[in-house]
Amino acid sequence: MLASDVHFAKDLADALDIQRRRPGILVFAGGTDILREQGGRGISLPAELLCIQSIPELRRAGLTERFLEIGAAVTVAELLELGDSALPPLLAEAVRGIGTPAVRNLATLGGNISCRSRFMDSWPALACLDGLVELRDQGGATWMNVNRLLGEDGKPSVPVGGLLTRVRIPLDRWDVHALRKVGPRSYPTPETAVFAFAARAEKGILAEVRIAFAGEIGLRSQALESSIIGRSLPLSSREATSIAEGYKSLAEPLPEGLALQFGSLLDGALGLLSS
Amino acid sequence: MTVSFILNGEDVSAKARSVDRLSDLLREAFGLLGVRSDCRCGRCGRCLVFLDGRLVPSCIVPAFSVRGKEVVTIEGFAQTEDYREMVEGFAAAGVETCGFCEAPKIMAAAALLERTPRPLPREILEHTSSAPCRCTDPEAIVKAVQAVAELRARRLYRRAGQ
């Protein structure tokens, strides 16, 4: 157990300044990911912590005609309180699967996205919705698609340095969508994963499709999605089978049980395009 | 470090190390034994407290992070009219929870009713899942919380008429 030096940032500029002066400092907001694996008497934390939970700029959420923008320190409970009219259904369903209501009062969207040990519930939904995250450092802000958080090895690849400050979600129309959580719900285990699917049609043609699945490993292939786009709807059962075949190699890194569940969820989603 | 916060309505300060959990601080520095610290991972719900009005598992809250905030434990909540209504509603519905989950279930139900005065059964079951326990039939919990909602609605109606 290590006693930490805790720095409370009063605003964003202060947080960035602390981060610049102390590279490698651990950013702390809700703390649910950091503490969830620690069953002992005391908490084990790194030598230095940067508390961002009270930074006003990170606690705001706003809606424009084109997108929803959420501060990284907005809690999951606060996010759900925005209501179904503001929250894209796929994201609402995803974050409802996070922990228990009491845990959702602590857990933040930023923390859920930037977990390094595994993908948490929000990533597949945000990947399907083309979500962007803002990373800030003293040099300025960079917007990055959440897909870039999926490393080549299928594991989370959260950039080191900089502060995740905002999440921006385009409010595009999706004609069909589905989200399913498998495995234990309230507490992430190696068997827990989330499947997300969204599709849009234009004049009977599949115009956009997104398929993402993530637990300890994340799956998404824009190349496979592109190969489906442009087909006439409804898909024939032969087409659906051939698309599912294409995804089999993508699911190879998954443990057998999860690969089977992914296959059956994919079949269900493709079924939505076949009827 | 010294952490100053409001505890059950009073300004307090306590010495806390960065390794201390809020649940342990409340039990050891303030003798609030209604806050249990069993699973230490936020799952069992026996350590639930209100933090700035929000129900949270205090075992996954580092003590340092409550600086300047307001904490209400079951001991503080038990002094309120809301708590008395909860107990009355649970009794009216014939619900007897066990000693482990009674306080957290009551706090979870109170947190729900604060934001949703007429909750649906699925909302009640979801919110009371913050304090999971097999001692009571879930349907009985739904009836109890609905009974509390009714009592609360009547109280508010009486107040509005005064």
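Note that residues are indexed from 1 along each chain, following the sequence as it is written. For this description, chains carry letters from A and ligands carry numbers from 1, given in the order in which they are written. Totals for whole chains, interfaces and linings use all residues, but because this is a predicted model, local features are given only for residues with pLDDT of at least 70 and pairs of side-chain atoms are given and counted only at 80 or more. To obtain the side-chain values, all non-hydrogen atoms of the structure were included, while hydrogens and water were left out.

## What about the interface of chain A and chain B?
In step 1: Whether two residues are in contact is decided by their heavy atoms: any pair within 4.5 Å suffices. At the interface, 32 residues of chain A touch 30 residues of chain B.
In step 2: Across the chain A to chain B interface the summed buried area is about 2500 Å²; carbon plus sulfur atoms make up 59%.
In step 3: When two parts are brought into contact, each loses some accessible area as probed by a 1.4 Å sphere; the total of that loss over both is the buried area. It is A:Phe8, A:Arg41 and A:Ile43 in chain A that bury the most area against chain B; as a group they hold 22% of the surface buried on that side.
In step 4: Within this document, salt bridges are pairs made up of a side-chain nitrogen of Lys or Arg and a carboxyl oxygen of Asp or Glu, the two lying within 4 Å of each other. Applying the counting rule to chain A against chain B returns three salt bridges.
In step 5: Between B:Arg115 and A:Glu81 there is a salt bridge, and its shortest N-O distance comes to 3.4 Å.
In step 6: Those elements that place two or more of their residues in the side of chain A that touches chain B are β1 (5-8), α2 (32-35), β3 (48-51), α3 (76-81) and α5 (101-104) of chain A.
In step 7: Helix and strand definitions here come from DSSP, where helices need a minimum of 4 consecutive H or I residues and strands a minimum of 2 consecutive E residues; each element is numbered from the N-terminal end. In terms of residues, the side of chain A that touches chain B owes the most to one element, α5(A), which gives four residues.
In step 8: Considering only residue class, the side of chain A that touches chain B consists of 17 nonpolar, nine polar and six charged. Each residue is assigned to one class: nonpolar for Ala, Val, Leu, Ile, Met, Phe, Trp, Tyr, Cys and Pro, charged for Asp, Glu, Lys and Arg, and polar for all the others, Gly among them.

## Considerations on helix α10 (residues 256-274) of chain A
All names here are of chain A.
In step 1: Between the first and last residue of a helix there are one fewer steps than residues, each counted as 1.5 Å, and that sum is the expected span. If you check α10, its first and last C-alpha atoms are 27 Å apart, about what 19 residues at 1.5 Å a residue would give, namely 27 Å.
In step 2: Partly exposed describes any residue whose relative accessible area lies between the buried limit of under 20% and the exposed limit of over 50%, with all areas from a 1.4 Å probe on protein chains only and scaled to the type maximum. Restricting attention to buried positions, one finds in α10 the residues Leu 258, Phe 262, Leu 265, Leu 266, Ala 269, Leu 270 and Leu 273. For α10, the angular spread of the buried residues around the axis is 140 degrees, confining them to a single face. Turned more than 90 degrees off the buried face of α10, the exposed positions are Glu 256 and Leu 260.
In step 3: Buried-residue contacts for α10 involve β9 (176-182), β10 (193-202), β11 (205-214), β12 (218-219) and α9 (237-248). What the arc describes is the spread of directions from the helix axis to the C-beta atoms.

## Focus on the packing of α9(A) against α10(A)
All names here are of chain A.
In step 1: The convention used is that axes are lines fitted to C-alpha atoms, helices contributing only their stretch in contact, and that angles between N-to-C directions extend from 0 to 180 degrees. Across the interface, α9 lies against α10 with an axial gap of 10 Å and an inter-helix angle of 145 degrees. The chirality of how α9 crosses α10 is right-handed. Contact residues: Ala 240, Ile 243, Ala 244 and Tyr 247 in α9; Phe 262, Leu 266, Asp 267, Leu 270 and Ser 274 in α10.
In step 2: Across the contact of α9 with α10, the residue classes tally to seven nonpolar, one polar and one charged. We call a crossing left-handed when the near helix sits turned anticlockwise from the far one by less than a right angle, and right-handed when that turn is clockwise.

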